[in-house]
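Descriptive structure summary
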Number of protein chains: 2
Amino acid sequence: MRYLLVEDNRELADAILGRLALDGHAVDHAASLSEAEEWLATAGYDLILLDVMLPDGDGRDFLARSRAHLETPVIMLTARSQVSDRVGALDMGADDYITKPFDFSELEARCRAVLRRRGGAARNQVALGQALFDPLAGTLSHAGRTVELRNRELRLLEVFARHPGQILSKTQLMDRLFAQDADVTENAIEVYVGRLRRRIDGMGVRIETVRGLGYRMETGGP
Amino acid sequence: MRYLLVEDNRELADAILGRLALDGHAVDHAASLSEAEEWLATAGYDLILLDVMLPDGDGRDFLARSRAHLETPVIMLTARSQVSDRVGALDMGADDYITKPFDFSELEARCRAVLRRRGGAARNQVALGQALFDPLAGTLSHAGRTVELRNRELRLLEVFARHPGQILSKTQLMDRLFAQDADVTENAIEVYVGRLRRRIDGMGVRIETVRGLGYRMETGGP
DNA sequence: ACGTCCGTGTCAGGACCATGTCAGCTTCCT
DNA sequence: AGGAAGCTGACATGGTCCTGACACGGACGT
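Residues numbered from 1 in each chain as written. Chains lettered and ligands numbered in written order. Predicted model: local features only at pLDDT ≥ 70, side-chain atom pairs only at ≥ 80, totals over all residues. Heavy atoms only, no water.

**So, the protein's contact with DNA strand C**
What counts here: Note on definitions. A residue lies near a molecule or strand when any single heavy atom of the residue is within 4 Å of it. What qualifies as a polar contact is a pair of N or O atoms within 3.5 Å, subject to a donor-acceptor requirement within protein and to the restriction that residues adjacent in sequence count only when both atoms come from side chains. We count a stretch as a helix when DSSP gives it H or I for four or more residues in a row; a strand needs E for two or more, and each element gets its number in order from the N terminus. Each residue receives one of three labels: charged for Asp, Glu, Lys and Arg, nonpolar for Ala, Val, Leu, Ile, Met, Phe, Trp, Tyr, Cys and Pro, and polar for the others, Gly being one of them.
The environment of DNA strand C is formed by 26 residues, the closest being A:R152, A:Y192, B:R150, B:R152 and B:Y192. Counting only the atoms of DNA strand C within 4 Å of the protein, the fraction contributed by sugar and phosphate is 66%. A:D183 places a polar main-chain atom, nitrogen or oxygen, 3.2 Å from a phosphate oxygen of DNA strand C. Here A:T185 contributes a backbone N or O atom positioned 3.2 Å from a phosphate oxygen of DNA strand C. If you list the elements that add at least two residues to the surface near DNA strand C, you get α6 (151-162) and α8 (187-199) of chain A together with α6 (151-162) and α8 (187-199) of chain B. Residues belonging to the surface near DNA strand C are distributed by class as follows: 10 nonpolar, six polar and 10 charged.

Right, dumping it as structure tokens:
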């Protein structure tokens, strides 16, 4: 899953980033509302964790403005358990809220709960060439055949699907698949590309090697 | 990628220059704000690394003045982790900041992140005559035909695309293609120009030889 | 608590290919 | 004609990439 964390306290942000990365999620970090908007403009997220107090505005106002054209679920991080904060959060369109300080396991539980609630309703499938990619189900279908992808393969294909035809370096892919501080060899990417290739073989989607630069997904040919 | 490093400590500057050159980036160095302005007037950059304390002024003031007509992303290099420095940086229009002393790999990660954030959204295909050059995909298309370029050819064409119609000496091209300390003959450039020519033959773009001076890309003719 | 299974990341060995050099050739200028 | 500059086919080389095998650890069921 791909999260966006909007939180200006770097210490707390790092802690959350680390913890969520342990669960295998890709988490981007914005320290302000303007930064959050940049992230949102460039990528789709499954969940947004939004602080209330931010250097350039109030998270609730931001949410109210964005709700019209933003369907991603949002969990608010309220500084204190002030009633005003909590009441406002849900009214503004947040899916849940959690008060600081909070236990990480509780945060994870809230995330799962919100994702379950949202994910059950709308499931969007993406066309990849003639194949049909369902990120939520973790499947790829083509010509009546359906393959199931595992966690890492799924995330890898998600990244490729978001940048079709574009060369993605192994470093870029690592940034998406692993946590910043994760100590992983680039070889891991080679291995996962290999596994993904074997799995999607003959499904109208292929991943080409561009020697020295990275990989590129092609959706055209046979 | 083309970076501008604004840093007055020569020792640190050299270290950064060396490291970034290893990644294949072209990095120019300015030791003061006035020098930085000269560089900015002559060339376009993909990213600027800007120190806070400079002999002729404060990097933040410089950034605040320039932000209106400067859309290049900026990473601030703050001397210490002083809160005043850090808070100011983002408000002044920096895209990110990093505190000295920092690890080179972290600097690289920040650079990647900022570039991804900025450039990730709009896929910029460049028109080269009647051909369409897609640096991210590493392809050149013309009249329904598409050729794939490899690493060195791609970088070479990138350099030419950035200076269309301009004569580029073999030395200039070598500086862009190879690391500073790389021990490469000028003949390598001749070889790569030849390979690139063969690949883009008939695509409305050609590279002319200017005897004794270098090469020049022309986009006009057949 | 224990055992099993599955997903994950590393490693080593090998195949493959982009790369840079060279030598001989062509082209251009004087 | 002669020399200098540039072009190109061929080649050795080193790096990049692929893959089977394996160790590890968490998830899960019993």
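**A word on helix α7 (residues 170-177) of chain B**
Residues and elements named next belong to chain B. Rule in force here: For every residue, the accessible area (1.4 Å probe, protein chains only) is compared with the maximum for its type, and the residue is labelled buried under 20%, exposed over 50%, or partly exposed between those bounds. Note: the arc covers the axis-to-C-beta directions of the helix. Contact criterion: two residues are considered in contact whenever any of their non-hydrogen atoms come within 4.5 Å of each other.
Turning to α7, its buried residues number three or more, namely L173, M174 and L177. Each buried residue of α7 lies within a common arc of 100 degrees when the element is viewed along its axis, so the set occupies one face. Each element contacted by the buried residues of α7 is listed here: α6, β12 (167-168), α8 and β14 (214-218).

**Regarding the pattern of salt bridges**
To be explicit about the condition: When a carboxyl oxygen of Asp or Glu lies within 4 Å of a side-chain nitrogen of Lys or Arg, that pair is called a salt bridge.
Inspection of every chain in the model, using the stated rule, returns 15 salt bridges over all chains. Across the pair B:E153 and B:R199 runs a salt bridge whose closest N-O atoms are separated by 2.8 Å. Taken together, the residues span a long stretch of sequence, with B:E153 in helix α6 and B:R199 in helix α8 at a distance of 46 residues. One connected set of salt bridges, linked through shared partners, spans A:R206, A:E208, A:R216, A:E218 and B:E148.

**With respect to empty space enclosed by the protein**
Residue and element names in this part refer to chain A. Rules: Each cavity reported here is a set of points on a 1 Å grid over the protein atoms alone in which a 1.4 Å probe fits but cannot get out, each pocket an open set with protein on both sides within 12 Å along at least five of seven lines, and each lining residue one with an atom within 4 Å of a point. Grid points are joined across faces, edges and corners, and a volume is the space filled by probe spheres set on the points.
Under the counting rule described, the total for this entry stands at one cavity of 30 Å³ or more. By volume, the largest cavity is sized at about 70 Å³. Taken together, M1, R2, A26, R155, E158, V159, R162, R176 and L177 form the lining of the largest cavity. Put simply, the parts of the chain that give the lining of the largest cavity at least two residues each are α6 and α7 (170-177). If you tally residues by element for the lining of the largest cavity, the top one is α6, at four residues. For the lining of the largest cavity, the residue count by class is four nonpolar, no polar and five charged.

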